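Listed below, chain by chain, are the residues.
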Amino acid sequence: MNITIRRAEKQDCPQLLELIKELALYEKAPQEVTVTLEHFEESGFGENPVWWAFVAIDTNTEKIPGFALWYIRYSTWKGQRMYLEDIIVTEEARGKGIGKLLFDALMEEAKEKKYKGIVWQVLEWNEPAINFYKKYNANFDPEWVNCSINL
């Protein structure tokens, strides 16, 4: 596998959505993926994009074995921060350094944009992901409780 990292393009969206569905299956919530391809494309590549992504391309097959999608989060205490919504590497491609390549690209982007940091969530049972983030000396905050409202 020969991997190149580049910014996502609109034509990547069908493959990205398949990876999102694979992640949802891994996280035991496949029914939770309700976004349509059209909405996903418009949200990333329409007139007012709200997300950006890096993709890992296998240059031998032109397939995408992984990607990292983020948006800007504003903290009244810290200012603009990158919010990593998802970093996904297919099960068959894990352990090959793709996650590191994607995470390093995110960190470089955050530094270039002068964001004040990167924040994300990880499921408490996802030990492989937790161990991956520990390699970056990530801070794990036990105080905050996640909240959401579905409309």
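Use the structure listed above.
What comes next is a walk through the structure. It should be emphasised that the depicted structure is a prediction, and the values quoted were computed from it without experimental measurement. (Residues numbered from 1 in each chain as written. Predicted model: local features only at pLDDT ≥ 70, side-chain atom pairs only at ≥ 80, totals over all residues. Heavy atoms only, no water.)

1. Some points on the sheet that holds strand S2 (residues 52-58)
So, point 1. What the 5 strands build is an open sheet, ordered S1-S2-S3-S4-S5; its pairing is mixed. Pairing within the sheet leaves two strands with one partner each, and these edge strands are strand S1 (3-7) and strand S5 (118-120). Strand-to-strand twist of the sheet, defined as the mean angle between neighbouring strand axes without regard to direction, takes the value 30 degrees. (Pairing = 2+ DSSP bridges. Helix = DSSP H or I, 4+ residues; strand = E, 2+ residues; numbered from the N terminus. Axes fitted to C-alpha atoms, helices over the stretch in contact; angles between N-to-C directions.)

2. Side note on the nonpolar core
So, point 1. By size, the foremost hydrophobic cluster in this structure holds 21 residues, and its most contacted members are Met82, Leu84, Ile98, Leu102, Leu106 and Tyr133.
So, point 2. At the level of elements, S2, strand S3 (63-75), strand S4 (79-89), helix H3 (98-112) and helix H4 (127-134) are the ones that each hand at least two residues to this core.
So, point 3. For this core, the element with the most residues is H3, which contributes 6 residues.
So, point 4. Not counting chain neighbours up to four residues away, the residues in contact with Leu106 comprise Phe54, Ala68, Trp70, Met82, Leu84 and Ile118.
So, point 5. Core analysis: the next-biggest nonpolar cluster, separate from the first, contains 16 residues, Ala8, Ile57, Phe67 and Leu69 among them. (Core = buried A, V, L, I, M, F, W, Y, C linked by side-chain atoms within 4.5 Å. Buried < 20%, exposed > 50% of the residue type's maximum accessible area, 1.4 Å probe, protein only. Contact = heavy atoms within 4.5 Å.)

3. With respect to the packing of aromatic side chains
So, point 1. Taken as a whole and assessed by the stated rule, the structure comprises 12 aromatic pairs.
So, point 2. Relative to Trp51, the ring of Phe45 lies with its centre 5.4 Å away and its plane at 85 degrees, an arrangement referred to as edge-to-face.
So, point 3. Members of the aromatic cluster, each reached through a chain of ring pairs, are Phe103, Trp120, Phe132, Tyr133 and Tyr136.
So, point 4. Here the guanidinium or amino end of Lys28 rests over the ring plane of Trp125, the centre of that ring lying 4.1 Å away. (Phe/Tyr/Trp six-rings, centres within 6.5 Å; stacked < 30°, edge-to-face > 60°. Lys NZ or Arg CZ within 6 Å of the ring centre and 35° of its normal.)

4. Brief notes about the pattern of salt bridges
So, point 1. Within this structure, the stated rule accounts for 6 salt bridges.
So, point 2. Arg7 serves as the salt-bridge partner of Glu109, at 2.6 Å between the closest nitrogen and oxygen. Of this pair, Glu109 sits in helix H3 while Arg7 is found in strand S1, placing the two residues 102 residues apart along the sequence.
So, point 3. On the basis of relative accessible area, Glu109 is assigned to the buried category, the value being 5%.
So, point 4. For the salt bridge of Asp104 with Lys100, the shortest nitrogen-to-oxygen distance reads 2.6 Å. One end of the pair, Asp104, and the other, Lys100, are both in helix H3, 4 residues apart, so they sit about a helical turn from each other.
So, point 5. On the accessibility criterion, Asp104 (26% relative accessible area) is partly exposed. (Salt bridge = Lys/Arg side-chain N within 4 Å of Asp/Glu carboxyl O.)

5. A look at the side chain of Thr90
So, point 1. Mapped onto the elements, Thr90 comes out in the loop between S4 and H3.
So, point 2. On the basis of relative accessible area, Thr90 is assigned to the buried category, the value being 10%.

6. Some points on helix H1 (residues 13-26)
For an α-helix, 3.6 residues make a turn, and residues three or four places apart therefore share a direction.
So, point 1. The terminal C-alpha atoms of H1, which comprises 14 residues, lie 20 Å apart, in line with the 20 Å expected from a rise of 1.5 Å per residue.
So, point 2. When H1 is considered as a whole, its buried residues turn out to be Cys13, Leu16, Leu17, Leu19, Ile20, Leu23 and Ala24. Buried residues along H1 cover an arc of 160 degrees about the axis, so they all sit on one side. Facing away from the buried side of H1 by over 90 degrees, the exposed positions are Glu18 and Leu25.
So, point 3. Taken together, the buried residues of H1 touch helix H2 (37-45), S2, S3 and S4.
So, point 4. After H1 finishes, the residue Lys28 shows a positive phi value of roughly 65 degrees. (Expected span 1.5 Å × (residues − 1). Arc of directions from axis to C-beta.)

7. Thoughts on the packing of H1 against H2
So, point 1. Remark: H1 packs on H2, axes separated minimally by 10 Å, with the N-to-C direction vectors making an angle of 115 degrees. The angle between H1 and H2 falls in the class roughly perpendicular. The element H1 and its partner H2 pack so that their crossing is right-handed. Contacts between H1 and H2 pair Cys13, Pro14, Leu16, Leu17 and Ile20 from the former with Leu37, Phe40, Glu41 and Phe45 from the latter.
So, point 2. Across the contact of H1 with H2, the residue classes break down as 8 nonpolar, no polar and 1 charged. (Parallel < 35°, antiparallel > 145°, perpendicular 65-115°, else oblique. Left-handed = near helix turned anticlockwise from the far one by under 90°. Nonpolar A, V, L, I, M, F, W, Y, C, P; charged D, E, K, R; others polar.)

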